[in-house]
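Fold and geometry: a report
One-letter residues, chain by chain:
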Amino acid sequence: MELPLVVGVDGSESSLRAVDWATDEAALRGVPLRLVYASLWERYEGAALAEGVGRPSEQVMADGIVEAAARRAHRRAPEVKVTTDVLPDDAASVLLNEAHTAAALVVGSRGRSGLAELLLGSVSLTVAGRAACPVIVLRGNQDNQARAGTHRRVVLGVGEKEGPHSTEVIRFAFEEAEARKATLDAVRAWRCPAYESTDDPLHAGEPARLHEQRAAEILDSALSKAAAEHPAVALIRRTAEGSARRVLLDASDDADLLVVGVRRHHGLAGLQLGRVAHTLLHHSACPVAVVPQRG
């Protein structure tokens, strides 16, 4: 059985945009779509009370939200199989639990209760920082309209520890590019520390060349296996001088998806994102896919 794409819905414009985007993604991948709404009404009111007074307004609202989202998805892509569920827990807990049986989670940048001044809603940030599966956060297009990819370009940020044995994020990026018939732009940022510079004009630039060469070697090591497995993907290997955060933010301006890996360490509590992923989730100009890697 194929794992579904899971979308958290709450009736907000942001979540409806996530439904649209995920519907298109499910159609591309040929996988089911699962729409979930988190509701605590049953926990607080109790099943017996609910039976005595009829359907509570919160339940009516929850059912209406998921049903409307399902109709929206069906209109957009009738071929996609859609299931819905209203689950008795808070939104972050529901999505983190769903992550164990999902191909990926898709969430909006903020929900119904999000304040306008927040860059990223707390639920989206929590899910991106803790989920067991890839999480795609819808950034960019802040008019809340999901659009088909117009750039045909997926950007992959290649980290220091990416290599032939850390394949999750690389495989995800290649599969996304292949499904979209898009170019995969694999980027490795590099910087030359100031203390390595030299005043000798005969050796000026040598430390920088060494760092750039090292970045190119990291790219080749990380990508060689996946490139051989996905020969149809047009691959660009690119090194860029600067901080990873700045290089990838600049690359997001004309990308359909930005893919980054994050390390998940067993037994550690709290968010496990890293500074680069955290910055991208707040400021990227396009959707960001955060792919967990063990180690």
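Residues numbered from 1 in each chain as written. Predicted model: local features only at pLDDT ≥ 70, side-chain atom pairs only at ≥ 80, totals over all residues. Heavy atoms only, no water.

This part takes up the overall build of the protein. Scanning the protein from N- to C-terminus turns up ten helices and ten strands. Evaluated residue by residue, the protein yields a buried proportion of 46% over its 295 residues. About 14,600 Å² of surface is accessible on the protein, with carbon and sulfur atoms providing 52% of the total. (Helix = DSSP H or I, 4+ residues; strand = E, 2+ residues; numbered from the N terminus. Buried < 20%, exposed > 50% of the residue type's maximum accessible area, 1.4 Å probe, protein only. Areas by Shrake-Rupley, 256 points an atom, 1.4 Å probe, with all protein chains shown as cover.)

As summarised here, the arrangement of the ten strands in space is β3-β2-β1-β4-β5-β10-β9-β6-β7-β8, forming an open sheet in which the pairing is mixed. Both edges of this open sheet fall to β3 (82-87) and β8 (235-241), since each of them pairs with a single strand only. Within the sheet, the average angular offset between the axes of one strand and its neighbour, ignoring direction, is 25°. Pairing between strand β1 (residues 5-8) and strand β2 (residues 33-38): four bridges, direction parallel. Each bridged residue has a counterpart across the sheet, and for Val 7 the counterpart in β2 is Leu 35. Set on the sheet, helix α4 (residues 57-76) makes contact with β2 and β3; between it and β2 the angle comes to about 160°. Each of β1, β2, β3 and β4 (104-107) touches helix α5 (residues 91-98); the most contacted strand, β2, lies at about 150° to it. (Pairing = 2+ DSSP bridges. Axes fitted to C-alpha atoms, helices over the stretch in contact; angles between N-to-C directions. Contact = heavy atoms within 4.5 Å.)

Membership of the largest hydrophobic core comes to 46 residues, with the highest contact counts inside it found for Val 7, Leu 33, Leu 156 and Val 259. Residue contacts for Leu 156: discarding those within four places in its chain leaves Val 169, Ile 170, Ala 173, Leu 184, Asp 185, Ala 186, Val 187, Leu 223 and Val 259. The next biggest cluster of nonpolar side chains, apart from the first, holds 36 residues, and it includes Leu 105, Leu 125, Val 187 and Ala 277. (Core = buried A, V, L, I, M, F, W, Y, C linked by side-chain atoms within 4.5 Å.)

Moving on, we get to the environment of Arg 153. Within the secondary structure, Arg 153 is located in strand β6 (residues 153-157). Here Arg 153 falls in the buried class, since its relative accessible area comes to 15%. Linking Arg 153 and Asp 185, residues 32 residues apart in sequence, is a C-alpha distance of 6.9 Å.

Here we come to the side chain of Ser 124. Along the chain, Ser 124 falls in helix α6 (residues 122-130). Ser 124 sits in the buried class, given a relative accessible area of 6%. Among the polar contacts listed, one links the side chain of Ser 124 to the backbone oxygen of Gly 108, at a separation of 2.5 Å. (Polar contact = N/O pair within 3.5 Å; in protein donor to acceptor, adjacent residues only side chain to side chain.)

Helix length check: helix α1 (residues 13-29), at 17 residues, gives a terminal C-alpha distance of 24 Å against a target of 24 Å (1.5 Å per residue), a fit within 8%. For α1, the complete set of buried residues consists of Ser 14, Ser 15, Leu 16, Arg 17, Ala 18, Val 19, Asp 20, Trp 21, Ala 22, Thr 23, Glu 25 and Ala 26. (Expected span 1.5 Å × (residues − 1).)

A word on the pairing of β4. Neither face of β4 is exposed, since Ala 104 and Val 106 on one face and Leu 105 and Val 107 on the opposite face are all buried. Relative to strand β5 (residues 135-137), β4 is paired through three bridges, and the arrangement is parallel. Within β5, the position partnered with Val 106 by the bridge is Ile 136.

Another point: helix α9 (residues 244-251). Of the positions making up α9, those classed as buried are Val 247, Leu 248, Leu 249 and Ala 251. Those residues of α9 that are buried lie in contact with β6, β7 (183-190), β8, β9 (257-264) and α10 (275-283).

Here we come to the confidence of the model for the protein. Residue-level pLDDT values for the protein average 83, and 77% of them are 70 or greater. Confidence over residues 111-119 falls short of pLDDT 50; this stretch has 13 contacts with residues more than four positions distant or in other chains. Per-residue pLDDT stays below 50 along residues 142-146; that stretch engages in nine contacts with residues further than four places along the chain or on separate chains. (pLDDT = per-residue confidence, 0-100.)

To continue, consider the pattern of salt bridges. One pass over the structure, following the stated rule, counts 14 salt bridges. Of the charged contacts in the structure, one is a salt bridge between Arg 76 and Asp 24, with a shortest N-O distance of 2.9 Å. Taken together, the residues Arg 76 in helix α4 and Asp 24 in helix α1 connect sequence positions 52 residues apart. Residue classification places Arg 76 among the partly exposed positions, given a relative accessible area of 34%. Of the residues examined, Asp 24 reaches a relative accessible area of 24% and is grouped as partly exposed. (Salt bridge = Lys/Arg side-chain N within 4 Å of Asp/Glu carboxyl O.)

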